[in-house]
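Read off the chains here:
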Amino acid sequence: MWFRRDLRLADNPALAAALAEGTVTPLFVLDPLFLRRAGAPRLAFMYRCLRELDAALGGALVVRTGDPVTVVPAVAREVGAAAVFAAGDFAPYGMARDRGVADALRDAGATLRHVGSPYAVDPGTVRKDNGTQYLVFTPFSKVWLAHGWSAPIEAPRASAMRLRGAPDVPTERIPDDPEVAATLPPAGERGAWARWETFAADAIDRYRDERNRPDLDGCSRMSPYLRFGVVHPRQLLAELRPDRHHDHYRSELCWREFYADVLFHQPHTAWRNLQSKMDALPLDTDERARARFDVWCEGRTGFPIVDAGMRELRATGWMHNRVRMIVASFLVKDLHLPWQWGARHFMRHLVDGDIASNNHGWQWTAGTGTDAAPYFRVFNPEMQAEKFDPDGAYRRAWVPELDDALGYPAPMVDHATERAEALARYKRVTGK
Ligand code: FAD
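Residues numbered from 1 in each chain as written. Predicted model: local features only at pLDDT ≥ 70, side-chain atom pairs only at ≥ 80, totals over all residues. Heavy atoms only, no water.

Colleague: Account for the overall build of the protein chain, naming residues and giving values.
Modeller: Within the protein chain one finds 19 helices and 5 strands. The C-alpha atoms of the protein chain give 23 Å as radius of gyration, which agrees with the globular expectation for 432 residues (22 Å, within 12%). Viewed in the frame of its principal axes, the protein chain has a C-alpha envelope of about 65 × 50 × 50 Å. Within the protein chain, buried positions represent 55% of all 432 residues. In the form shown here, the protein chain has an accessible surface area of approximately 18700 Å², with 52% of it arising from carbon and sulfur atoms. (Helix = DSSP H or I, 4+ residues; strand = E, 2+ residues; numbered from the N terminus. Rg over C-alpha atoms; globule rule 2.2 N^0.38 Å. Buried < 20%, exposed > 50% of the residue type's maximum accessible area, 1.4 Å probe, protein only. Areas by Shrake-Rupley, 256 points an atom, 1.4 Å probe, with all protein chains shown as cover.)

Colleague: Quick rundown of the sheet that holds strand 3 (residues 62-65)? Include the residues and the values.
Modeller: With parallel pairing, the 3 strands of this open sheet are ordered in space as 1-2-3. Only two strands of the sheet have a single partner each, and these edge strands are strand 1 (2-3) and strand 3. Across 2 bridges, strand 1 lies against strand 2 (residues 27-30) in parallel orientation. Looking at the pairing, Trp 2 lines up with Leu 27 of strand 2. Strands in contact with helix 3 (residues 40-56) are strand 1 and strand 2; relative to strand 2, the strand with the most contacts, it is inclined by about 160°. Across the sheet, helix 4 (residues 68-79) touches strand 1, strand 2 and strand 3, and the angle it forms with strand 2 is around 150°. (Pairing = 2+ DSSP bridges. Contact = heavy atoms within 4.5 Å. Axes fitted to C-alpha atoms, helices over the stretch in contact; angles between N-to-C directions.)

Colleague: Mind laying out the side chain of His 360, listing which residues take part and the relevant values?
Modeller: As for its placement among the helices and strands, His 360 is situated in helix 16 (residues 355-366). Relative accessible area serves as the criterion here: at 1%, His 360 is assigned to the buried category. At a separation of 2.9 Å, a polar atom in the side chain of His 360 contacts the side chain of Thr 269. (Polar contact = N/O pair within 3.5 Å; in protein donor to acceptor, adjacent residues only side chain to side chain.)

Colleague: Let's hear about the site of the ligand: which residues, and what values?
Modeller: Every one of the 27 residues lining the ligand counts as a neighbour, but Tyr 207, Ser 220, Arg 221, Asn 321 and Asp 352 are closest to it. At 2.6 Å, a side-chain N or O of Ser 220 approaches an oxygen atom of the ligand. Measuring from a nitrogen atom of the ligand, one finds a side-chain N or O atom of Asn 358 at 3.1 Å. Protein coverage of the free-state accessible area of the ligand, which is 810 Å², stands at 95%. Its atoms largely coinciding with the cavity grid, the ligand occupies the largest pocket. Looking at the shell around the ligand, the element that brings in the most residues is helix 11 (residues 244-265), giving 6 residues. Residue composition of the shell around the ligand, by class: 14 nonpolar, 7 polar and 6 charged. (Near = heavy atom within 4 Å. 1 Å grid on protein atoms, 1.4 Å probe; cavity = no way out; pocket = protein on both sides within 12 Å on 5 of 7 lines; lining within 4 Å. Sits in = over half its atoms within 2 Å of the grid points. Nonpolar A, V, L, I, M, F, W, Y, C, P; charged D, E, K, R; others polar.)

Colleague: Report on the packing of aromatic side chains, specifying residues and quantitative values.
Modeller: Under the definition given, this model contains 22 aromatic pairs. Aromatic side chains Tyr 207 and Tyr 249 sit 5.2 Å apart centroid to centroid with 70° between the ring planes, which places their arrangement in the edge-to-face category. Note that Tyr 207 is positioned in helix 8 (residues 207-210) and Tyr 249 in helix 11, a separation of 42 residues in sequence. You'll find Tyr 207 and Tyr 249 in the same group, each marked buried. When the ring of Trp 255 is compared with that of Tyr 259, the centres are 5.5 Å apart and the planes differ by 45°; the resulting orientation is tilted. With a gap of 4 residues between them, Trp 255 and Tyr 259 both fall in helix 11, about one helical turn apart. (Phe/Tyr/Trp six-rings, centres within 6.5 Å; stacked < 30°, edge-to-face > 60°.)

Colleague: Account for the layout of surface pockets, naming residues and giving values.
Modeller: Approximately 1200 Å³ is the volume attributed to the largest pocket. Counting only elements with at least two residues in the lining of the largest pocket, the list comes to helix 9 (223-227), helix 11, helix 14 (321-334) and helix 16. Looking at side-chain class alone, the lining of the largest pocket contains 18 nonpolar, 12 polar and 12 charged residues. Looking at the second largest pocket, it is lined by 31 residues, and the ones nearest its centre are Phe 34, Arg 37, Arg 42, Tyr 93 and Arg 227. For the lining of the second largest pocket, the secondary-structure elements that each account for two or more residues are strand 1, strand 2, helix 2 (32-37), helix 3, helix 5 (92-107) and helix 15 (339-349). (Points joined across faces, edges and corners; volume = space filled by probe spheres on them.)

Colleague: How would you summarise the pairing of strand 5 (residues 111-114) if you had to cite specific residues and measurements?
Modeller: Of the strand pairs in this sheet, strand 4 (residues 83-86) and strand 5 are connected by 4 bridges, and their pairing is parallel. Looking across to strand 5, one finds that Phe 85 is bridged to Arg 113. Handedness of the crossover joining strand 4 and strand 5 through helix 5 is recorded here as right-handed. (Right-handed = clockwise from strand over helix to strand, strands pointing away.)

Colleague: I'd like to hear about the packing of helix 4 against helix 5, residue by residue, with values.
Modeller: Contact geometry of helix 4 with helix 5 gives a least axis separation of 8 Å together with a crossing angle of 40°. When you trace helix 4 past helix 5, the crossing you get is right-handed. Contacts between helix 4 and helix 5 involve Pro 68, Val 69, Val 72, Pro 73 and Ala 76 from the former and Arg 97, Gly 100, Val 101, Ala 104 and Leu 105 from the latter. Tallied by class, residues from the contact of helix 4 with helix 5 come to 8 nonpolar, 1 polar and 1 charged. (Left-handed = near helix turned anticlockwise from the far one by under 90°.)

Colleague: Help me get a handle on the pattern of salt bridges, residues and values and all.
Modeller: Counting across every chain of the model gives 28 salt bridges. We note a salt bridge from Asp 89 to Arg 97, for which the minimum N-O separation is 3.1 Å. Of the residues examined, Arg 97 reaches a relative accessible area of 13% and is grouped as buried. Taken together, the shared-partner salt bridges connect Arg 4, Asp 89, Arg 97 and Asp 98 into one network. (Salt bridge = Lys/Arg side-chain N within 4 Å of Asp/Glu carboxyl O.)

Colleague: Would you mind going over the environment of Val 24 in detail, with residue names and values included?
Modeller: Among the secondary structure elements, Val 24 is positioned in the loop between helix 1 (13-21) and strand 2. Here Val 24 falls in the buried class, since its relative accessible area comes to 3%. The sequence separation of Val 24 and Thr 125 amounts to 101 residues, and the corresponding C-alpha distance is 30 Å. Excluding its chain neighbours within four sequence positions, the residues that come into contact with Val 24 are Met 1, Ala 18, Leu 19, Arg 162, Leu 163 and Arg 164.

Keep in mind that these numbers describe shape and distance, not what the molecule does.
Next comes the structure, spelled out in structure tokens:
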């Protein structure tokens, strides 16, 4: 069983399928490409989740560093495995990697068998009547809901797990956490479900009203767990009732599936505009733009809601959704920088960093992606702050200098001027 984005025992169909066939070697491969790309917070969280998974497997997890194309067949050969089970991966790198591993396993006389995926409905499943993909969320979500999903399955009982792993099969130690300044959420299935219980006991019944309020504990913070498959969305969907707040939560989970679907059909949109006409939008990329980008990254723009978000990101590896939209809009429409710069910074710092949700979240805000938010809708950071952080508690929590205005920088730009500049640039592309 090759674990990837499914670091859990409960409701793990690939693991269940592997156990049904016989003795199982649980394997995790530390892919150097991932180790290079993921920032320290995401790596640290993943290592902690791996330690929890290893403990749940009675210490049997086999960990190896290297290119999965060589490591997976090598371990299969060592243990005489005829099949390697894994959940499907639908992101561009994962699909290419799996094709390479499947070919290499075939040469070793074994097969790669995909069972399940990190989604309730696999990307590529929901289609229009004519077989093409949806690029608009609402019709996608209706078909997604009508398609439905199976009920979660229980974790295998310890006595039913016939494992042949560490220490019989040589393993590396799970690396020590890299140094992280951020305070990370508790790792592993127990940590995930403890957080869910807190959310489900109270906030979920106000979710629709409070999910946009960064000053309240109004959202689930399940994203890091969903990112690494410590919980499966199917498990969360099974917890929901027909109720307007629960319905709203279900639809947020659907956004995750929508973006995975968009990226599956159009892998080039990971780093390029979905709407190619927006390629002509003039952007700033010179020295001065770089300096402005650094100010944004450091949370010193002089716009308290933007700075609060950027500091929350560094301090916790997470940022509230409303604030992600505000800081992203600021980067693109007040500073006129490429959304890709912001997306890369997010991927370095977010524990939940996910190529589909992140890069399409950025494109949504930048007005270059799926068509819900046209470019000419520009967020006003001050009005957003007043509406969604009415007492300023969120801003003060992350920007303590606000309390004695001393030492807090003046706004780095004039929002009204930059809004007009953004609209003028947009007009040059569209004529509108
Ligand atoms: P809740 O409000 O409790 O929602 C529950 C779950 O629904 C989330 O955990 C998530 O899986 C899903 N969800 C909610 N909103 C969205 C959304 N807009 N798009 C996709 N899925 C959603 N989410 C990530 O998981 N990884 C990312 O790298 C990421 N980058 C983003 C970048 C930008 C610029 C923006 C605007 C959004 C991004 N999001 C990303 C989406 C969203 O901000 C987070 O999923 C959410 O803030 C996570 O907090 P939560 O679990 O408390 O969310």
